[in-house]
Amino acid sequence: MKDFPDFADRLSELIFESGKNVNQISDELGCGNSTVYHYTTERYLPNLEMTVKLADYFNCSTDYLLGITAESNAESFNVCPPFGKRFTEVLKEKGVSRYSLKTKTKIAESVMRYWVQGKTTPSLVNLVKIAKALDITVDYLLGREK
């Protein structure tokens with residue numbers, strides 16, 4: 001969790017503000033009871049899908065949840081399109097090739113190819129690297145921002 005030192009605190013704060021407990025939230029998200037607890041105790045970091053579920057659940061930006069921004073920017077968010085499709089759209093919009101992005105982020109082009117093909121999704125660390133390299137928010141990269 002060294003990459004996202006504020007994540008556990010932000011999640012714990014959101015849970016407290018909701019007036020619910022970790023087990024209730026885990027049940028509502030459809031994950032095991034210990035899953036959300038492990039996120040709040042810094043034992044695990046969620047994957048991309050669970051990060052978006054948490055942000056949707058608490059109506060906050062993924063950027064806030066990950067500790068990138070100080071404000072939660074509560075608003076209505078779009079449903080995320082498949083990452084590979086959105087990734088391709090953003091690269092085209094920004095006029096950036098995968099090779100160029102590889103050079104900036106040190107993420108292998110073969111890994112990016114798997115994202116485009118829908119075989120995998122990026123780790124949160126890689127997602128943030130891409131957003132920073134393209135000077136966009138994580139929510140924009142994911143297609144959540146309207």
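Please refer to the structure higher up on the page.
Residues numbered from 1 in each chain as written. Predicted model: local features only at pLDDT ≥ 70, side-chain atom pairs only at ≥ 80, totals over all residues. Heavy atoms only, no water.

### Some thoughts on the nonpolar core
Here is a general trend for soluble globular proteins: nonpolar side chains tend to be buried in one another's company.
Moving on, step 1. By size, the foremost hydrophobic cluster in this structure holds 40 residues, and its most contacted members are L11, L54 and F87.
Moving on, step 2. The contact partners of L11, leaving out residues within four places of it in the chain, are V36, Y39, T40, L54, F58 and L65. (Core = buried A, V, L, I, M, F, W, Y, C linked by side-chain atoms within 4.5 Å. Buried < 20%, exposed > 50% of the residue type's maximum accessible area, 1.4 Å probe, protein only. Contact = heavy atoms within 4.5 Å.)

### Section: the pattern of salt bridges
Moving on, step 1. In the structure shown here, the tally under the stated rule is six salt bridges.
Moving on, step 2. For D56, the salt bridge is made with R144, and the minimal N-O distance between the two is 2.6 Å. With D56 in helix α4 (residues 48-57) and R144 in the segment after α10 (138-142), this pair connects stretches of sequence that are 88 residues apart.
Moving on, step 3. D56 gets classed as partly exposed once you look at its relative accessible area, which sits at 43%.
Moving on, step 4. Here R113 ties to E109 by a salt bridge, and the two come within 3.3 Å at their closest N and O atoms. Remark: E109 and R113 occur in helix α8 (residues 109-116); sequence separation between them is four residues, near one turn of the helix.
Moving on, step 5. Classification of E109 by relative accessible area gives partly exposed; the value is 23%.
Moving on, step 6. Overlapping salt bridges bring together D56, D139 and R144 as one network. (Salt bridge = Lys/Arg side-chain N within 4 Å of Asp/Glu carboxyl O. Helix = DSSP H or I, 4+ residues; strand = E, 2+ residues; numbered from the N terminus.)

### Let's talk about the packing of aromatic side chains
Moving on, step 1. Counting across every chain of the model gives five aromatic pairs.
Moving on, step 2. Ring centres 5.5 Å apart and planes at 20° place the aromatic pair F83 and F87 in the stacked group. Remark: F87 and F83 occur in helix α6 (residues 83-94); sequence separation between them is four residues, near one turn of the helix.
Moving on, step 3. Note on F83 and W115: the rings are 5.8 Å apart at their centroids and 85° apart in plane angle, and the pair reads as edge-to-face. Note that F83 is positioned in helix α6 and W115 in helix α8, a separation of 32 residues in sequence. In this structure, F83 and W115 share a single accessibility class: buried. (Phe/Tyr/Trp six-rings, centres within 6.5 Å; stacked < 30°, edge-to-face > 60°.)

### Let's talk about the environment of S72
Moving on, step 1. If you trace the backbone, S72 turns up in the loop between α5 (62-65) and α6.
Moving on, step 2. In this structure the C-alpha to C-alpha distance between S72 and K119, which are 47 residues apart in sequence, comes to 31 Å.

### A short note on helix α2 (residues 22-29)
Moving on, step 1. Among all positions of α2, only V22, I25, S26 and L29 are buried. The buried residues of α2 occupy an angular sector of 100° when the element is viewed end-on, so they sit on one face.
Moving on, step 2. Considering only its buried residues, α2 is in contact with α1 (7-18), α3 (33-40) and α4.
Moving on, step 3. Where α2 starts, the residue carrying a side-chain oxygen 3.0 Å from the main-chain nitrogen of N23 turns out to be N21.
Moving on, step 4. Immediately downstream of α2, the backbone of G30 shows phi near 75°, a positive value. (Arc of directions from axis to C-beta. Polar contact = N/O pair within 3.5 Å; in protein donor to acceptor, adjacent residues only side chain to side chain.)

### Comments concerning the layout of surface pockets
Moving on, step 1. Approximately 240 Å³ is the volume found for the largest pocket.
Moving on, step 2. With four residues, α4 is the largest single contributor of residues to the lining of the largest pocket.
Moving on, step 3. Tallied by class, the residues present in the lining of the largest pocket amount to seven nonpolar, two polar and two charged.
Moving on, step 4. Quantified by volume, the second largest pocket comes out at close to 150 Å³.
Moving on, step 5. For the lining of the second largest pocket, the class distribution of residues is five nonpolar, one polar and three charged. (1 Å grid on protein atoms, 1.4 Å probe; cavity = no way out; pocket = protein on both sides within 12 Å on 5 of 7 lines; lining within 4 Å. Points joined across faces, edges and corners; volume = space filled by probe spheres on them. Nonpolar A, V, L, I, M, F, W, Y, C, P; charged D, E, K, R; others polar.)

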